[in-house]
Amino acid sequence: MSTRAIRAIRGEASLLPVESQESSDDDEDDDDVAPSKSAFASIAFDDDDDSFNSSQEESEDNVKQSDLEKDNDSYNDLKQEQSVSDAESEEEDFDALISEFQLQDAKENSLPSAQSAVPKSPFQLILRDIDVRNMDIEWSLRVALREGAHETSAATTRQRRMLLFGPARDGWPRPPRHVGGGMGMKKYTDLDNKDIPWPYNAETSTNSSARWFQFTYSDTYQQECNDYETIQSSGDFHALVWFVIHHPYNCPALLQLSRVLYQTNHSSDGLAFLRRCLWVYESSALHSFTREHLNGNMGLMDAEQAENQTFFAAMFKLVQVAHVAGLYQTAFAVSRFILSLDPLRDPMGVLLSLDSFCLATNAATDAKWLIDLVDSNSLHIYYKVTAEEVISCELQCLPNWAFSYALAKFRLYQDDDESEELKLEANAALQDAIKKFPTIVLRLLQANGVDAMGRSFRRDWKTVLDSHRNHANQVVKLWNDASDAANLQAFNLVCKIFIKQHSQLWSSDDVLDFMYNNLVAVMEADPSSSMPLSPNAALRRYAAADPANYDNSFPQLPQEANIVDPGLIAHAMNVDPNRGRFLRRGRRDNANHEDELDMFAAGMAQRGMLGQFMQEIDPDFPLLEVFLRSFLPWNRVAGVPPP
């Protein structure tokens, strides 16, 4: 290895002198110019002398060639010896470089670092081995239809790491930044004197190491959101569509329009507006927002802040859409991402369905992920009763996670050549779940249509269930006497969602055998000797959960009540930020807010619904229209005082 290369690896500047180019230039000039003969040369020699000189030169060349052939063997030997010595010296150089770098690393590790490394999140297991392509619902749909399932280019991979929910569609100009009247994002930590939400401010493992992200609204965007609230309070769908036409990047309006379209059987248009809403959020986010999560660092987001609420709601809507469409990989991936943003509070209630999506993918890696998440004991459910009383519990305090944990172990047992150790672990997990929540078994079997009075050579359900039913009734009576009514209400709500989400997962014949054998083992062990504890009070965190959010279908309006105009929706699908203003803004200088519904009234008047025309001309109308309307004496330009 040359000295220059070694110095380049060591990071040293080359101190070799630069050769002058004058000598080389002179040599090139000498080679190009042919030697000129003297005028007397042709006179001094005749033809015989020329022939003699040529023969003599040929003989000398032959002698030189023979000498060179004799020296070829010795030259090759010298060359081989030199190559061997060069290789040995090169290895010595590499060994010296490696030892130098090791010594340098040891010195750096011994010294206190000025800037500590970014701490890893204790919740990094949530996003372990996640495939970001599954978060794009359109990509998952193409994979399900066997179209365009392979995208392996480097540009596509980089784009998916920046835009997790998919790239922009054609005709979507980039939304404005915060300085241009749009949204932005800021990052802060506990050292920035910000209010860290509970329970993160009480957790020593997350208090000082977490990096919090928050969307920020510009003044223009905040005013647009205020205008949307006026439209929303009116309850008029067409006014909402006109607002989206004029404000194509207002995320609360886009999400609300998507919800209405899904309830009116316009799912394709609803998905387009939902995708645009998520794309606007990702375009406004910092690049480190997704990088913090994909690298396993602790990047969190407060779902209770007003600027972040719509983002969480849009992601949860995407989970619902994927669930209805049967795209469980997308529902599973997006649910994990939502949970990673606020894992200790679970603002959207994804823990009530995350295990169901995990098992519905029928992937052994996902089942292993569920088992590892429960065994890590990194997630807890927190509930604050009062300022002084705080209740928390593990994941297996939720009945759905207790039974899913056992089912995941049973699936690993089936995939691992029926290992006896995994079988014992699966049986122990299911028996523990049956003892904790005895009322779940009867409801699961009833949802799957199992004949509780039937008997066969394989399964005698009548004998086993009669004994189990008596034990379950005793447990319910004990819970009613010892537990708070709010705790039982929250527990019954969680069980209702669990039965709705998981009933199909427990309907196969081998799973029913798994359930029956362990139910027999529990009954033979006399479960009445040790009654289970009442449901944990931390389940009251999910007391406000809506079971309709976990259905596999969207409620539909009657066909005769369909209020959607396809032409108007097509107009809203076309994104044009420079379009003329369709709705007149309210008066900003009115301190008493007397004209709060002025924009809504202007929109209604424009469509002739109030029986009168506008008295003011919006200056954002086309110039020719403003000029022609100004001729009418009852019209005036907004913002221009009358003469």
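The structure displayed is predicted, hence computed values, not measured ones. (Residues numbered from 1 in each chain as written. Predicted model: local features only at pLDDT ≥ 70, side-chain atom pairs only at ≥ 80, totals over all residues. Heavy atoms only, no water.)

**Q** Just checking my understanding: could you explain the overall build of the chain for this structure?
**A** When helices and strands are tallied, the chain shows 24 helices and seven strands. The long-range share in the chain, meaning contacts at least 24 apart out of those at least 6 apart in sequence, stands at 74%. As displayed, the chain offers around 35500 Å² of accessible surface, 50% of which is attributable to carbon and sulfur atoms. (Helix = DSSP H or I, 4+ residues; strand = E, 2+ residues; numbered from the N terminus. Contact = heavy atoms within 4.5 Å. Areas by Shrake-Rupley, 256 points an atom, 1.4 Å probe, with all protein chains shown as cover.)

**Q** Hey, could you run me through the pattern of salt bridges in this one?
**A** It is possible for side chains bearing opposite charge to pair when their charged atoms get close. One pass over the structure, following the stated rule, counts 17 salt bridges. Of the charged contacts, one joins Asp129 and Arg128 as a salt bridge, the two residues approaching to 3.9 Å between their closest N and O atoms. Judged by its relative accessible area of 30%, Arg128 falls in the partly exposed class. For Arg345, the salt bridge is made with Asp342, and the minimal N-O distance between the two is 2.8 Å. Taking the relative accessible area as the measure of exposure, Arg345 reaches 6% and is therefore buried. (Salt bridge = Lys/Arg side-chain N within 4 Å of Asp/Glu carboxyl O. Buried < 20%, exposed > 50% of the residue type's maximum accessible area, 1.4 Å probe, protein only.)

**Q** For this particular structure, what's the right way to read the layout of surface pockets?
**A** Summary: where empty space remains is shown by rolling a probe the size of a single water molecule over the atoms. The calculated volume of the largest pocket comes to roughly 590 Å³. Residue lining of the largest pocket: 27 residues in total, with Phe316, Gln320, Met348, Asp546 and Asn549 positioned closest to the centre. Tallying contributions element by element places helix α12 (residues 306–325) first for the lining of the largest pocket, with five residues. Of the residues belonging to the lining of the largest pocket, the class tally is 13 nonpolar, five polar and nine charged. (1 Å grid on protein atoms, 1.4 Å probe; cavity = no way out; pocket = protein on both sides within 12 Å on 5 of 7 lines; lining within 4 Å. Points joined across faces, edges and corners; volume = space filled by probe spheres on them. Nonpolar A, V, L, I, M, F, W, Y, C, P; charged D, E, K, R; others polar.)

**Q** Even after reading the chapter, I still don't get the side chain of Glu138, so can you show me in this structure?
**A** For Glu138, the position within the fold is in helix α5 (residues 137–144). Sequence-distant contacts of Glu138, that is, excluding residues within four places in its chain, are made with Arg169 and Arg275.

**Q** Would you mind going over empty space enclosed by the protein with me for this structure?
**A** Overall, the coordinates contain two cavities of 30 Å³ or more when judged by the stated rule. When its volume is computed, the second largest cavity comes out at roughly 50 Å³. In this structure, the second largest cavity is lined by Phe316, Val319, Gln320, His323, Ser353, Phe357, Gln501, Asn549 and Tyr550. Class assignment for the residues of the lining of the second largest cavity results in four nonpolar, five polar and no charged.

**Q** Any chance you could explain the pairing of strand β2 (residues 211–217) here in plain terms?
**A** Strand residues, when the strand is regular, have side chains that alternate between the two faces of the sheet. Burial of β2 is extensive: six of the seven residues sit out of reach of the surface. Relative to β2, strand β1 (residues 183–188) is paired through six bridges, and the arrangement is antiparallel. Residue pairing in the sheet places Tyr188 in a bridge with Trp212 of β2. As defined by bridge partners, β2 adjoins strand β3 (residues 299–301) across three bridges and the pair is classed as parallel. What sits directly across from Trp212, in β3, is Leu300. (Pairing = 2+ DSSP bridges.)

**Q** Is there a simple way to explain unusual backbone geometry in this structure?
**A** Most peptide bonds adopt trans geometry, and most residues besides glycine take a negative phi value. Between Trp198 and the following residue, Pro199, the backbone shows a cis peptide bond with an omega angle of 5°. Topologically, Pro199 is positioned in the loop between β1 and β2. The phi torsion at Asp129 lies on the positive side, around 55°, for a residue other than glycine. Along the chain, the position of Asp129 falls in the loop between α4 (47–110) and α5. The exposure class assigned to Asp129 is exposed, which follows from its relative accessible area of 72%.

**Q** I keep staring at helix α22 (residues 566–573) and nothing clicks. Help me out?
**A** Helical geometry note: an α-helix holds 3.6 residues per turn, so side chains three or four residues apart project in the same direction. If you check which residues of α22 are buried, you get Leu568, Ile569 and Ala572. When α22 is viewed along its axis, its buried side chains cluster within an angular range of 100° and face the same direction. (Arc of directions from axis to C-beta.)

**Q** What should I look at first to understand helix α18 (residues 439–447) in this one?
**A** Within α18, burial applies to Thr439, Ile440, Val441, Leu444 and Leu445. A positive phi of about 75° marks Gly449, the residue just after α18.

**Q** Whenever I open this one, the sheet that holds β3 confuses me. Can you help?
**A** Paired through backbone hydrogen bonds, the strands of a sheet run either parallel or antiparallel to each other. The strand order across the open sheet built from three strands is β1-β2-β3, with neighbouring strands paired in mixed fashion. In this open sheet, the two edge strands, each paired with only one partner strand, are β1 and β3. Between one strand and the next, the sheet's axes are offset by a mean angle of 35°, whatever the strand orientation. Across the face of the sheet, helix α10 (residues 267–284) comes into contact with β1 and β2 while running at roughly 50° to β1. (Axes fitted to C-alpha atoms, helices over the stretch in contact; angles between N-to-C directions.)

**Q** Any chance you could explain the packing of aromatic side chains here in plain terms?
**A** Ring pairs (aromatic) are described by centroid distance and by the angle formed between their planes. Counted according to the given criterion, the structure contains 24 aromatic pairs. Here Phe289 and Phe337 contribute two aromatic rings whose centre-to-centre distance is 6.3 Å and whose plane-to-plane angle is 85°, an arrangement assigned as edge-to-face. With Phe289 in helix α11 (residues 287–294) and Phe337 in helix α13 (residues 328–341), this residue pair connects regions lying 48 residues apart in the sequence. Each member of the pair, Phe289 together with Phe337, is buried. For the ring pair Phe316 and Tyr550, a centre distance of 6.2 Å and an interplane angle of 75° mean the geometry is edge-to-face. Residue Phe316 is located in helix α12, and its partner Tyr550 is located in the loop between α21 (509–524) and α22; the two are separated by 234 residues in the primary sequence. The exposure class assigned to Phe316 is buried, which follows from its relative accessible area of 7%. Under the relative-accessibility criterion, Tyr550 is labelled buried at 5%. Each member of the aromatic cluster is reached from another via a ring pair, and the members are Phe165, Phe213, Phe215, Tyr281, Phe289, Phe311, Phe312 and Phe337. (Phe/Tyr/Trp six-rings, centres within 6.5 Å; stacked < 30°, edge-to-face > 60°.)

**Q** What is the right way to read a nonpolar patch on the surface from this model?
**A** A surface patch of nonpolar side chains, amounting to about 470 Å² of accessible area, comprises Leu624, Phe627, Leu628 and Phe631. Along the chain, Leu628 turns up in helix α24 (residues 623–629). On the basis of relative accessibility, which here comes to 49%, the residue Leu628 falls in the partly exposed class. (Patch = residues over 30% accessible without salt bridge, like charges linked within 9 Å, V, L, I, M, F, W, Y side chains within 5 Å.)

**Q** Which parts of the structure should I look at to understand the confidence of the model for the chain?
**A** Averaged over the chain, the pLDDT score is 77; the fraction of residues at 70 or greater is 69%. In the model, residues 12–60 has pLDDT below 50 throughout and makes seven contacts with residues more than four positions away in sequence or in other chains. Under a pLDDT of 50 for its full length, residues 108–119 has, in the predicted model, seven contacts with residues more than four places off or in other chains. (pLDDT = per-residue confidence, 0-100.)

**Q** Mind showing me how you'd approach the packing of helix α7 (residues 219–234) against helix α8 (residues 237–246) here?
**A** For any two helices packed against each other, the geometry is given by the interaxial angle and the distance between the axes. Where α7 contacts α8, the axes come no closer than 10 Å and their chain directions differ by 165°. The angle between α7 and α8 places the two elements in the roughly antiparallel class. As for how α7 packs across α8, the hand of that crossing is right-handed. On α8, the residues touching Glu224, Asp227, Tyr228 and Ile231 of α7 are Ala239, Leu240 and Phe243. (Parallel < 35°, antiparallel > 145°, perpendicular 65-115°, else oblique. Left-handed = near helix turned anticlockwise from the far one by under 90°.)

**Q** Honestly, the environment of Phe123 in this entry has me stumped. Any pointers?
**A** Within the element layout of this structure, Phe123 appears in the loop between α4 and α5. What makes Phe123 buried here is its relative accessible area of 8%.

**Q** I'm lost on the environment of Leu271 in this one. Help?
**A** Along the chain, Leu271 turns up in helix α10. A C-alpha to C-alpha distance of 9.8 Å links Leu271 and Leu255, two positions 16 residues apart in sequence. When sequence neighbours within four positions are dropped, the list of residues in contact with Leu271 reads Ile137, Tyr262 and Val321.

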